[in-house]
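Now for the letters of each chain:
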Amino acid sequence: MTATPFHVYDTTLRDGAQQEGMNLSVADKLAIAPLLDELGVGFIEGGWPGAIPKDTEFFRRAAKELRLENALLAAFGSTRKAGTRAWDDPQVRALLDSEAPVVTLVSKFDVRHVERALRTTPDEGLAMITDTVAFLVGEGRRVVVDAEHFFDGYRFDAAYARAAAEAAFAAGAEVVTLCDTNGGMLPHWVTDVVTGVRESLGVPHGRDAAPGDPLLGMHAHNDSGCAVANTLAAVAAGAWHVQGTVNGYGERTGNVDLVTVVANLELKHGLRTLAGGGLEEATRIAHAVAEITNISPYARQPYVGASAFAHKAGLHASAIKVDPDLYQHIDPTAVGNDMRMLVSDMAGRASIELKGRELGYDLSGQGELLTRVTTRVKDAEAQGYTFDAADASFELLLREELTGTRQSYFRVESWRTIVETVVGNAGHDAASRDADAVAEATVKLHAGGERVVATGEGNGPVNALDQALRSALTRVYPQIGKFELIDFKVRILDAQQGTDATTRVLVETTDGQHSWSTVGVGPNVIEAAWESLIDAYVYGLLHAGVEAH
């Protein structure tokens, strides 16, 4: 018997886009869809045509511009309105007009919502499902029914929830997706409900289903923190269709993270879920989607986060040096990620040796050097430095111990910065907040055999210092023109000291192809930022292969 392929249904472009602060344009959706297809999902839900003009435009353009290799586009919408006919409902007609081969219909499976939200009878609620599914199937569409509020509805009135599912299947729906819309379920509850529903409806377990058999699906939200566990429980109980979003995007606490789900199913259960081996590209794709949404990737995200395979404690590092698998649940390359060693005051010599190897330095057999570097790291972190998020600063420290000298491209003579606010007639009242503040910095340094004095203006003293330093060095080192500061983080280390507290600054810089992070610590944010900026410029020039002048 030919087995039914497992369904991975991505709803990033529709349900994920409901996340607070996310606003995807049509161009954004057209850029994300090919990434989802490359991941290997089977279905991409593009939006709600007819209800949202932007989504109508997406489907219009997608028909001409998207060339998907693995996925089918799905249009999302609702069943016909109460008291109307499916073929007369403009929202239903819009689903057909989208030209999507798959239509996903959301319908109320909680009788309380039927009576109170739709203000109709249970019988009419069932007829709305039957009529709309039958009409769309008759028009040649594959239909998925999203059973909204299914779990809450099933616990309140199981008979109605089952009747609604029966109506959907009888009318020709391929899948009825059980939705934990409020996100409050726990895994053992999901197991009981999915098993009970599947057996009462006579739906086969997904692993035993033949092509054409009805399937149950799972759509989980993460309000109870159990979205991934609930989805895995549903699959174990026989659901063979999972819905979710890349990076767990979605309203409130988000939808289930689809990448985490498929990674668990493929790597832990041996279940093939994605087409074309896309799991090995999961990290790159998840981060690429994050760039388009303009939402910073979550470093501690399972499987694909920057910290997912990062090791800090010296005890871990000693074991990893012998066998990386001793402290990792999978090989990071299976999801396109990498193991990272974090250098901190918890680091031992093994951590330093492994970190050096990661950066391209063979430190094996150099016990004295490893001891010196380990001591310097511990002493620096006692002063407030952190190297686990500043690889570039650590590499400069390591090179200094290896060569005996600090890499230098210029010698700073002095620097200063001034911030001037012209209040005018506003005085020192609330209106003075509207006054313009101008920051100016002057840097004096020696580079290329000459003394350079440069001035820069900017949006604040740190930006002014960056502009002045860039102005002073660009003529001697034109490669600096490619450098751009892309992130700036400030941390107060001893808050009880108030405005006299020690400050740590982390700076991330890019040359357009690679990025690197540096750290500075000082009695104020400006001095800490200056130290971090200097390291950023030195590291960037070093890795650009520039000779010191």
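In what follows, the accompanying structure is described. Treat the numbers as computed from the prediction; the structure is a model and nothing was measured.

So, the sheet that holds strand E16 (residues 515-522)
So, step 1. The sheet built from 3 strands is open, its strands ordered E14-E15-E16 with antiparallel pairing. Edge positions in the open sheet fall to strand E14 (484-492) and E16, since each of these has one partner strand only. Within the sheet, the average angular offset between the axes of one strand and its neighbour, ignoring direction, is 20°.
So, step 2. Across 8 bridges, the pairing between strand E15 (residues 503-510) and E16 is antiparallel. Looking across to E16, one finds that valine 507 is bridged to threonine 518.

Regarding the pairing of E15
So, step 1. With 7 of 8 residues buried, E15 lies mostly within the body of the structure.
So, step 2. Direction of pairing for E14 relative to E15: antiparallel, over a ladder of 8 bridges. Across the sheet, residue phenylalanine 488 finds its bridge partner in E15, namely valine 507.
So, step 3. In this antiparallel pair of consecutive strands, E15 and E16, the connection spans 4 residues, and glycine 512 shows a positive phi of 95°.

A closer look at the sheet that holds strand E12 (residues 437-447)
Paired through their backbone hydrogen bonds, the strands of a sheet run either parallel or antiparallel.
So, step 1. Pairing is antiparallel in the open sheet, where 3 strands are placed in the order E11-E12-E13. Two strands lie at the open edges of the sheet, namely strand E11 (411-421) and strand E13 (450-458), each paired on one side alone. Averaged over all neighbouring strand pairs, the angle between strand axes comes to 10°, with direction disregarded.
So, step 2. Along the sheet, helix H16 (residues 461-473) makes contact with E11, E12 and E13, crossing E12 at roughly 35°.
So, step 3. Its contacts with the sheet place helix H17 (residues 525-543) against E11 and E12, and it is angled at close to 135° to E11.

Regarding helix H1 (residues 26-39)
So, step 1. Relative to the 20 Å expected for 14 residues at 1.5 Å per residue, H1 spans 20 Å between its end C-alpha atoms, a close match to the ideal helical length.
So, step 2. Looking only at H1, the buried set comprises Val26, Lys29, Leu30, Ile32, Ala33, Leu35, Leu36, Asp37 and Leu39.
So, step 3. Of the residues flanking the end of H1, it is glycine 40, one or two places downstream, whose phi is positive at about 105°.

Examining the packing of aromatic side chains
So, step 1. Taken as a whole and assessed by the stated rule, the structure comprises 14 aromatic pairs.
So, step 2. Residues phenylalanine 6 and tryptophan 240 carry aromatic rings whose centres are separated by 5.1 Å and whose planes lie at 70° to one another, so their mutual orientation is edge-to-face. Taken as a pair, phenylalanine 6 in the segment before strand E1 (7-10) and tryptophan 240 in the loop between helix H9 (227-236) and strand E8 (241-244) lie far apart in primary sequence, 234 residues in all.
So, step 3. Pairwise contacts between aromatic rings join Phe109, Phe150, Phe151 and Tyr154 into one cluster.
So, step 4. The side chain of arginine 14 reaches across the aromatic face of phenylalanine 76, ending 3.7 Å from its centre.
So, step 5. Against the face of phenylalanine 58 rests lysine 29, its NZ or CZ located 6.0 Å from the ring centre.

The rules we used
- Residues numbered from 1 in each chain as written.
- Predicted model: local features only at pLDDT ≥ 70, side-chain atom pairs only at ≥ 80, totals over all residues.
- Heavy atoms only, no water.
- Pairing = 2+ DSSP bridges.
- Helix = DSSP H or I, 4+ residues; strand = E, 2+ residues; numbered from the N terminus.
- Axes fitted to C-alpha atoms, helices over the stretch in contact; angles between N-to-C directions.
- Buried < 20%, exposed > 50% of the residue type's maximum accessible area, 1.4 Å probe, protein only.
- Contact = heavy atoms within 4.5 Å.
- Expected span 1.5 Å × (residues − 1).
- Phe/Tyr/Trp six-rings, centres within 6.5 Å; stacked < 30°, edge-to-face > 60°.
- Lys NZ or Arg CZ within 6 Å of the ring centre and 35° of its normal.

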